[in-house]
Amino acid sequence: MNAARGKFITLEGGEGAGKSTVLNAVRELLAAHGLDVVVTREPGGTTAGEAIRGVLLDPTLHGRIAPETELLLMFAARAQHVRETIVPALAAGRWVLGDRFTDASYAYQGGGRGQPDERIAELERWAAAGLQPDLTLLLDLPVGVGLERVRGRGPADRIELEAHEFFERVRAAYRARAAAQPARFRVIDASRSLDEVLTQVRAAVTDFLAVNAARGAA
Ligand code: T5A
């Protein structure tokens, strides 16, 4: 029996946007609808990808990884993640809930580091097999609020060591992508209280489930 392809939902946002916190609520909501959910993250999501993540986030390598190297490592981890984890799960009819995907490369390596969008798009086509999420929740909040939330929870990783202006460029790139692709993105005001954020997130996912169910019934 061929299962219907599952759906791919991603969470995106700057540092401290609350993705890890929100991820659990989305997983519970999907499970309550009887969906079989695979939760994963980037960089990572496979044994090789998690090893690459260790290099990418190692604070002792701050200032010692060129932007081109960083971009290629993100996509090296993603190439494995797509083939080993995401595509097989979707093909088996499972739903995949991802903490970050290629939008993060456009935001961080594109907006933050200045790597050209065309270069990222080329990598997206072959390394990520052109895979696009079906729904992306962008948790948007002022940079200072996010950085304040992550401050004090332990040593900063390599990317958290960047200057405030870097994260402003990341945020601007995320918002530009959301504005350019309104059918896929839902922008969540992540500066609100956790309860208010979860209310917005549940509404967005519930809408998506309703549209998806209506399409299935049509
Ligand atoms: N990266 C990743 C790239 O540069 N390119 C890429 O292509 C990819 C895939 C990943 C890093 O890699 C970069 C981006 C990242 O810098 P990571 O550790 O996964 O590293 O970092 P983040 O994804 O940024 O995860 P964080 O843990 O930093 O942030 P979250 O998950 O968004 O935030 P969360 O849920 O841990 O919350 C942070 C704190 O805020 C509180 C939480 O309790 C927690 O203490 N909080 C709230 N407080 C008040 N109000 C709310 N609404 C709150 N929501 C959460």
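Keep in mind that what you see is a predicted model, and the values were worked out from it rather than measured.

Student: Could you clarify how one ought to interpret the site of the ligand in this entry?
Tutor: By nearness alone, 27 residues border the ligand, and Lys-19, Ser-20, Thr-21, Ser-105 and Arg-153 come closest of all. Separating an oxygen atom of the ligand from a side-chain N or O atom of Ser-20 is a distance of 2.6 Å. The contact in question runs from an oxygen atom of the ligand to an N or O atom on the side chain of Arg-153, over 2.6 Å. When the ligand sits alone it has 1000 Å² of accessible area, and the protein chains cover 81% of it. Of all the elements in the fold, those that place two or more residues in the shell around the ligand are helix 1 (19–32), helix 2 (47–57), helix 3 (67–91), helix 4 (102–112), helix 6 (143–150) and helix 8 (194–217).

Student: Before we go on, may I ask you to explain the packing of aromatic side chains in this structure?
Tutor: Summed over all chains, the structure comprises 5 aromatic pairs. Pairing Phe-8 with Phe-101 gives two aromatic rings, centres 4.9 Å apart and planes at 80°, and the pair type is edge-to-face. Of this pair, Phe-8 sits in strand 1 (residues 8–13) while Phe-101 sits in the loop between strand 3 (95–99) and helix 4; the two residues are 93 residues apart in sequence, bridging distant segments of the chain. On the accessibility criterion, Phe-8 (1% relative accessible area) is buried. Ring pairs connect the aromatic residues Tyr-108, Phe-166, Phe-167 and Tyr-174, which therefore count as one cluster. Sitting above the plane of the Phe-101 ring, Arg-78 keeps its charged end 5.4 Å from the centroid. One Lys or Arg, Arg-177, reaches over the ring of Tyr-106 and ends 3.7 Å from the middle of that ring.

Student: Would you take a moment to explain the pairing of strand 4 (residues 135–140) for this structure?
Tutor: Two faces make up the sheet, and in a regular strand the side chains alternate between them. Burial analysis of strand 4 places 6 of its 6 residues in the buried class, the great majority of the element. Going residue by residue along strand 4, you find Leu-135, Leu-137 and Leu-139 tucked away on one face and Thr-136, Leu-138 and Asp-140 tucked away on the opposite face as well. With 5 bridges joining them, strand 1 and strand 4 adopt parallel strand pairing. Bridging across to strand 4, Thr-10 finds its partner in Thr-136. By the bridge criterion, 5 bridges tie strand 4 to strand 5 (residues 185–189) in an arrangement that is parallel.

Student: Quick question: what am I supposed to make of the side chain of Asp-140 here?
Tutor: Structurally, Asp-140 is set in strand 4. Overall, Asp-140 belongs to the buried group, its relative accessible area being 10%. The residues touching Asp-140, leaving out its near neighbours within four places in the chain, are Arg-171, Arg-175, Val-187, Ile-188, Asp-189, Ala-190 and Ser-191.

Student: Sorry, what's going on with the packing of helix 4 against helix 7 (residues 164–180) here?
Tutor: For any two helices packed against each other, one specifies the crossing angle of their axes together with the interaxial distance. The geometry of helix 4 relative to helix 7 is characterised by a closest axis approach of 8 Å and an angle of 135° between their N-to-C directions. Relative to helix 7, the element helix 4 lies oblique. Helix 4 and helix 7 meet at a crossing whose hand is right-handed. Contacts between helix 4 and helix 7 involve Asp-103, Ala-104, Tyr-106, Ala-107, Tyr-108, Gly-111 and Gly-112 on the former and, on the latter, Phe-166, Phe-167, Arg-169, Val-170, Ala-173, Tyr-174 and Arg-177.

Rules used throughout
Residues numbered from 1 in each chain as written. Predicted model: local features only at pLDDT ≥ 70, side-chain atom pairs only at ≥ 80, totals over all residues. Heavy atoms only, no water. Near = heavy atom within 4 Å. Polar contact = N/O pair within 3.5 Å; in protein donor to acceptor, adjacent residues only side chain to side chain. Areas by Shrake-Rupley, 256 points an atom, 1.4 Å probe, with all protein chains shown as cover. Helix = DSSP H or I, 4+ residues; strand = E, 2+ residues; numbered from the N terminus. Phe/Tyr/Trp six-rings, centres within 6.5 Å; stacked < 30°, edge-to-face > 60°. Buried < 20%, exposed > 50% of the residue type's maximum accessible area, 1.4 Å probe, protein only. Lys NZ or Arg CZ within 6 Å of the ring centre and 35° of its normal. Pairing = 2+ DSSP bridges. Contact = heavy atoms within 4.5 Å. Axes fitted to C-alpha atoms, helices over the stretch in contact; angles between N-to-C directions. Parallel < 35°, antiparallel > 145°, perpendicular 65-115°, else oblique. Left-handed = near helix turned anticlockwise from the far one by under 90°.

These results come straight from atomic positions and should not be treated as a statement about function.
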